[in-house]
Amino acid sequence: MLLSEHISVNNTAPVLLLFGGNPLRRDEVINQLKQLGDLTIYGTLSEEEGMKKITTLSKVDLVIIGGRYSDEQRIRIRKFVAENLPYTKISEPGVQYPYETNAINLDISIKLNLKR
């Protein structure tokens, strides 16, 4: 069964919201990220689904915008996050840094202040 989320038992764990587009890649990314530490990770498959999920969560520490999103979508997502969760950080693999596992892990670890 493919993962769509990974929920920490610790309610103070950082919360990540992944804007993705492919169920297989979402599963890979969630499995990759949960190795970074005690995290709650929600994976969505579209801009609309991600924005809707944001409105249901009381806290989101980091939004990850996957590689499939256009510049226009990225602008809308960034604006939506800024308006609804102004203290939430954004990570954009393939835009802010190379779309590569180690670079993704490093960016997220730095932005969430995770021990490596």
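A brief look at the structure comes next. Just so we're clear, the structure is a prediction, and the values are computed from it rather than from any experiment. (Residues numbered from 1 in each chain as written. Predicted model: local features only at pLDDT ≥ 70, side-chain atom pairs only at ≥ 80, totals over all residues. Heavy atoms only, no water.)

## A word on helix α2 (residues 47-56)
At step 1: For α2, the complete set of buried residues consists of Glu47, Gly50, Met51 and Ile54. On an axial view of α2, the arc spanned by its buried residues comes to 95°, and they lie on one face. Exposed and facing more than 90 degrees away from the buried side of α2 are Glu48, Lys52 and Thr56.
At step 2: Among the structural elements, β2 (15-19), β3 (40-44) and α3 (71-84) are those in contact with the buried residues of α2. (Buried < 20%, exposed > 50% of the residue type's maximum accessible area, 1.4 Å probe, protein only. Helix = DSSP H or I, 4+ residues; strand = E, 2+ residues; numbered from the N terminus. Arc of directions from axis to C-beta. Contact = heavy atoms within 4.5 Å.)

## Regarding the packing of aromatic side chains
At step 1: Tallying each qualifying case throughout the model produces 1 aromatic pair.
At step 2: Taking 6.1 Å as the distance between ring centres and 85° as the angle between the ring planes, the aromatic pair formed by Phe19 and Tyr69 counts as edge-to-face. With Phe19 in strand β2 and Tyr69 in the loop between β4 (62-65) and α3, the pair connects residues that are 50 residues apart, well separated along the chain.
At step 3: Residue classification places Phe19 among the buried residues on the basis of a relative accessible area of 0%.
At step 4: By relative accessible area, which is 4% here, Tyr69 ends up buried.
At step 5: Over the aromatic face of Tyr69 sits the side chain of Arg68, whose NZ or CZ is 4.8 Å from the ring centroid. (Phe/Tyr/Trp six-rings, centres within 6.5 Å; stacked < 30°, edge-to-face > 60°. Lys NZ or Arg CZ within 6 Å of the ring centre and 35° of its normal.)

## A word on the packing of helix α1 (residues 23-33) against helix α4 (residues 101-112)
At step 1: Direction vectors running N to C along α1 and α4 enclose 55°, while the axes themselves pass 11 Å from each other. Taken together, the axes of α1 and α4 lie oblique to each other. Once α1 is placed against α4, the crossing between them reads as right-handed. Within the contact between the two elements, α1 uses Arg25, Gln32 and Leu33 and α4 uses Thr101, Ile104, Asn105 and Ile108.
At step 2: Partitioning the contact of α1 with α4 into residue classes produces 3 nonpolar, 3 polar and 1 charged. (Axes fitted to C-alpha atoms, helices over the stretch in contact; angles between N-to-C directions. Parallel < 35°, antiparallel > 145°, perpendicular 65-115°, else oblique. Left-handed = near helix turned anticlockwise from the far one by under 90°. Nonpolar A, V, L, I, M, F, W, Y, C, P; charged D, E, K, R; others polar.)

## Focus: the side chain of Gln32
At step 1: Looking at the element boundaries, Gln32 is found in helix α1.
At step 2: At 2.8 Å, the side chain of Gln32 forms a polar contact with the side chain of Asn105. (Polar contact = N/O pair within 3.5 Å; in protein donor to acceptor, adjacent residues only side chain to side chain.)

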